[in-house]
Amino acid sequence: MARNVQPAGQPAPQNAMEALTPEDAAGQENFDRIIAKDSRVEPKDWMPEAYRRSLVRQISQHAHSEIIGMQPEANWITRAPSLKRKSILMAKVQDEAGHGLYLYSAAETLGTTRDEMMDALVAGKARYSSIFNYPTVTWADMGAIGWMVDGAAICNQVPLCRASYGPYGRAMVRVCKEESFHQRQGFEILLELANGTPAQRAMAQDAVNRWYAPSLMMFGPPDDDSPNSKQSMAWNIKRFSNDELRSRFVGMLAEQVKVLGLTLPDDEIRFNEDTKKWEHGPLDWEEFKEVLAGRGPCNAQRLERRRSAHADGAWVREAAAAYAAKQAAKQSSTNAQKAAA
Ligand code: FAQ
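On a predicted model such as this, the values are computed, not experimentally measured, just so you know.

## Some points on the overall build of the protein
Line of reasoning, step 1. In terms of helices and strands, the protein carries 14 helices and two strands.
Line of reasoning, step 2. With the C-alpha coordinates of the protein rotated into their principal frame, the extents come out at 75 × 55 × 35 Å.
Line of reasoning, step 3. Across the 341 residues in the protein, those meeting the buried criterion constitute 48%.
Line of reasoning, step 4. Counting only contacts in the protein whose residues sit at least 6 apart along the sequence, the fraction spanning at least 24 positions is 75%.
Line of reasoning, step 5. Averaging the positions of the 42 positive and the 43 negative side-chain charges in the protein gives two centres separated by 6 Å.

Structure below.
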């Protein structure tokens, strides 16, 4: 497969088409046509190296988020208040593992191995969503995560079902179906608590208060501080800007919180009739930067847990590799026997 091999971080030549081989120039033309038609780029298609890198960046971060995102909720499986809640929570956490696996597979189609991605994660070099660096201190946090975190994930990911890269868009379709169930189960936990004893109601309100701002920050920095958005939107990977999606999410929360009978910890939420957009109060972007820099409340704990899970799983990887090698040897000896017969 021919590739535009312009190294990372180097400016494109003045006349990029002049610097391309004829094969690459034809590939670029085909790629531009696919994007202009709002069609799909598939793994075997030629693609610009920067497009490939940006997809690996986004998809691998997304996969890592799903995997690290299992931790805050797994923390409550043994303490779920009933067998029903326990089985729902276990299923949800398993779903998140599945999402991580679809996404690693999608990233692998771009030529990056799962081992490379996992090594970057355990080495602390890879990003994952800021949201998973906050602690889950009460059972109501399971409700708030489902309603707000999965809700934010849905707002962000439904448009990604139309991402120009085929394997990513297709993975998102399935992920979004499962996220919808996750959101509803979270909403239902909060609804039950909100209609329970005064203490349960207070616990639900406290969880909503704590998860509100971090869930809004999941959409990424404000548009004028988002270095990747413009190009990602030009390539039809992202369909809407970070602020646009955040505004839609606020509108969704503002309506649904009424059904819960709870409140959002933000007096400045309003629908602006002129812009037709939902507005919210200021967010603490310094806190966001601290979390991204690895200094959030649970960053160290999350990474340590992932490292030990990775080390504990070494024997499984070794056993699977040994089994695969045995099967391959068996197959090649069968092939050799057939060829000789
Ligand atoms: N956390 O230029 P932009 C879930 C980074 S899955 C950490 O705006 P972009 C399911 C960004 O990577 C949640 N880092 O970047 C679940 C970039 O750094 P880089 C994950 C963040 O890519 C629920 C830099 O800041 N979802 O919740 C964050 O255009 C419950 C500048 O930002 C996805 O990953 C952040 N919040 O837009 C699981 C969705 N925001 O790479 C378990 C796919 C920004 O240049 C339990 N990803 N950064 O070093 C996306 O849609 C985009 O990548 C954005 C960021 C919107 C996250």
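## Brief notes about the packing of aromatic side chains
Line of reasoning, step 1. Summed over all chains, the structure comprises eight aromatic pairs.
Line of reasoning, step 2. Summarising the aromatic geometry, the rings of Phe 31 and Tyr 51 are spaced 4.8 Å apart at their centres and angled 70° between planes, so their arrangement reads as edge-to-face. One end of the pair, Phe 31, is in helix H2 (residues 22-36); the other, Tyr 51, is in helix H3 (residues 49-68), and 20 residues separate them in sequence.
Line of reasoning, step 3. In textbook terms, an aromatic cluster arises when at least three aromatic residues are bridged by ring pairs, as seen for Phe 31, Tyr 51 and Trp 235.

## What about the pattern of salt bridges?
Line of reasoning, step 1. Taken as a whole and assessed by the stated rule, the structure comprises 22 salt bridges.
Line of reasoning, step 2. One salt bridge in this structure joins Arg 85 and Glu 192, with 2.9 Å as the shortest N-O distance. Taken together, the positions of Arg 85 in helix H5 (residues 83-108) and Glu 192 in helix H8 (residues 166-194) put the pair 107 residues apart, joining distant regions of the chain.
Line of reasoning, step 3. The buried category is assigned to Arg 85, whose relative accessible area is 7%.
Line of reasoning, step 4. Each member of the salt-bridge network shares a partner with another, and the members are Glu 73, Lys 92, Glu 96 and Asp 150.

## Thoughts on the confidence of the model for the protein
Line of reasoning, step 1. Here the protein averages 94 in pLDDT, and 95% of its residues register 70 or above.
Line of reasoning, step 2. Within the model, the stretch residues 1-14 combines pLDDT values under 50 with 26 contacts to residues more than four positions away or in other chains.

## A closer look at the side chain of Glu 244
Line of reasoning, step 1. Along the chain, the position of Glu 244 falls in helix H11 (residues 242-260).
Line of reasoning, step 2. Of the polar contacts made by the side chain of Glu 244, one reaches the side chain of Arg 248; its length is 2.9 Å.
Line of reasoning, step 3. Not counting the four nearest positions on each side in its chain, Glu 244 is found in contact with Asp 223 and Lys 277.

## Regarding the environment of Gln 185
Line of reasoning, step 1. Relative to the assigned elements, Gln 185 resides in helix H8.
Line of reasoning, step 2. The exposure class assigned to Gln 185 is buried, which follows from its relative accessible area of 6%.
Line of reasoning, step 3. Residues Gln 185 and Tyr 104, spaced 81 residues apart in sequence, show a C-alpha to C-alpha distance of 26 Å.
Line of reasoning, step 4. Beyond its immediate sequence surroundings of up to four residues, Gln 185 is in contact with Ile 88, Lys 92, Met 142 and Gly 146.

## What about the layout of surface pockets?
Line of reasoning, step 1. Looking at the largest pocket, its volume works out to about 1,000 Å³.
Line of reasoning, step 2. Lining the largest pocket are 43 residues, with Gln 61, Ser 129, Met 218, Phe 219 and Gly 220 sitting closest to its centre.
Line of reasoning, step 3. Elements that contribute at least two residues to the lining of the largest pocket include exactly H3, H5, helix H7 (140-157), H8, H11 and helix H12 (285-292).
Line of reasoning, step 4. The element that contributes the greatest number of residues to the lining of the largest pocket is H7, accounting for seven residues.
Line of reasoning, step 5. A breakdown of the residues in the lining of the largest pocket according to their chemical character gives 19 nonpolar, 14 polar and 10 charged.
Line of reasoning, step 6. Reported here for the second largest pocket is a volume of approximately 590 Å³.
Line of reasoning, step 7. As for the second largest pocket, its lining consists of 20 residues, and the residues nearest its centre are Ile 67, Met 70, Arg 306, Ala 309 and His 310.
Line of reasoning, step 8. Put simply, the parts of the chain that give the lining of the second largest pocket at least two residues each are helix H4 (70-74), H5, helix H6 (114-122) and helix H13 (299-312).
Line of reasoning, step 9. A per-element tally of the lining of the second largest pocket places H13 first, with six residues.
Line of reasoning, step 10. For the lining of the second largest pocket, the residue count by class is nine nonpolar, five polar and six charged.

## Remarks on the site of the ligand
Line of reasoning, step 1. Around the ligand there are 36 residues in total, and Gln 61, Ser 130, Ser 226, Lys 238 and Asn 242 lie nearest to it.
Line of reasoning, step 2. Note that an oxygen atom of the ligand is positioned 2.7 Å from one of the side-chain N or O atoms of Gln 61.
Line of reasoning, step 3. Contact between the ligand and Arg 127: an oxygen atom at 2.9 Å from a side-chain N or O atom of the residue.
Line of reasoning, step 4. Contact with the protein chains covers 91% of the free accessible surface of the ligand, which is 1,100 Å².
Line of reasoning, step 5. Placement of the ligand is best described as lying within the largest pocket.
Line of reasoning, step 6. Of all the elements in the fold, those that place two or more residues in the shell around the ligand are H3, H5, H7, H8 and H12.
Line of reasoning, step 7. A per-element tally of the shell around the ligand places H3 first, with six residues.
Line of reasoning, step 8. Here the residues of the shell around the ligand sort into 13 nonpolar, 14 polar and nine charged.

## Brief notes about unusual backbone geometry
Line of reasoning, step 1. Even without being a glycine, Asn 236 presents a positive backbone phi close to 60°.
Line of reasoning, step 2. According to the relative accessible area criterion, Asn 236 is buried, its value standing at 13%.
Line of reasoning, step 3. The residue Lys 276 is not glycine, and still its phi comes out positive at about 60°.
Line of reasoning, step 4. Lys 276 gets classed as exposed once you look at its relative accessible area, which sits at 53%.

Conventions adopted
Residues numbered from 1 in each chain as written. Predicted model: local features only at pLDDT ≥ 70, side-chain atom pairs only at ≥ 80, totals over all residues. Heavy atoms only, no water. Helix = DSSP H or I, 4+ residues; strand = E, 2+ residues; numbered from the N terminus. Buried < 20%, exposed > 50% of the residue type's maximum accessible area, 1.4 Å probe, protein only. Contact = heavy atoms within 4.5 Å. Lys, Arg positive; Asp, Glu negative; His and termini not counted. Charge placed at Lys NZ, Arg CZ, Asp CG, Glu CD. Phe/Tyr/Trp six-rings, centres within 6.5 Å; stacked < 30°, edge-to-face > 60°. Salt bridge = Lys/Arg side-chain N within 4 Å of Asp/Glu carboxyl O. pLDDT = per-residue confidence, 0-100. Polar contact = N/O pair within 3.5 Å; in protein donor to acceptor, adjacent residues only side chain to side chain. 1 Å grid on protein atoms, 1.4 Å probe; cavity = no way out; pocket = protein on both sides within 12 Å on 5 of 7 lines; lining within 4 Å. Points joined across faces, edges and corners; volume = space filled by probe spheres on them. Nonpolar A, V, L, I, M, F, W, Y, C, P; charged D, E, K, R; others polar. Near = heavy atom within 4 Å. Areas by Shrake-Rupley, 256 points an atom, 1.4 Å probe, with all protein chains shown as cover. Sits in = over half its atoms within 2 Å of the grid points.

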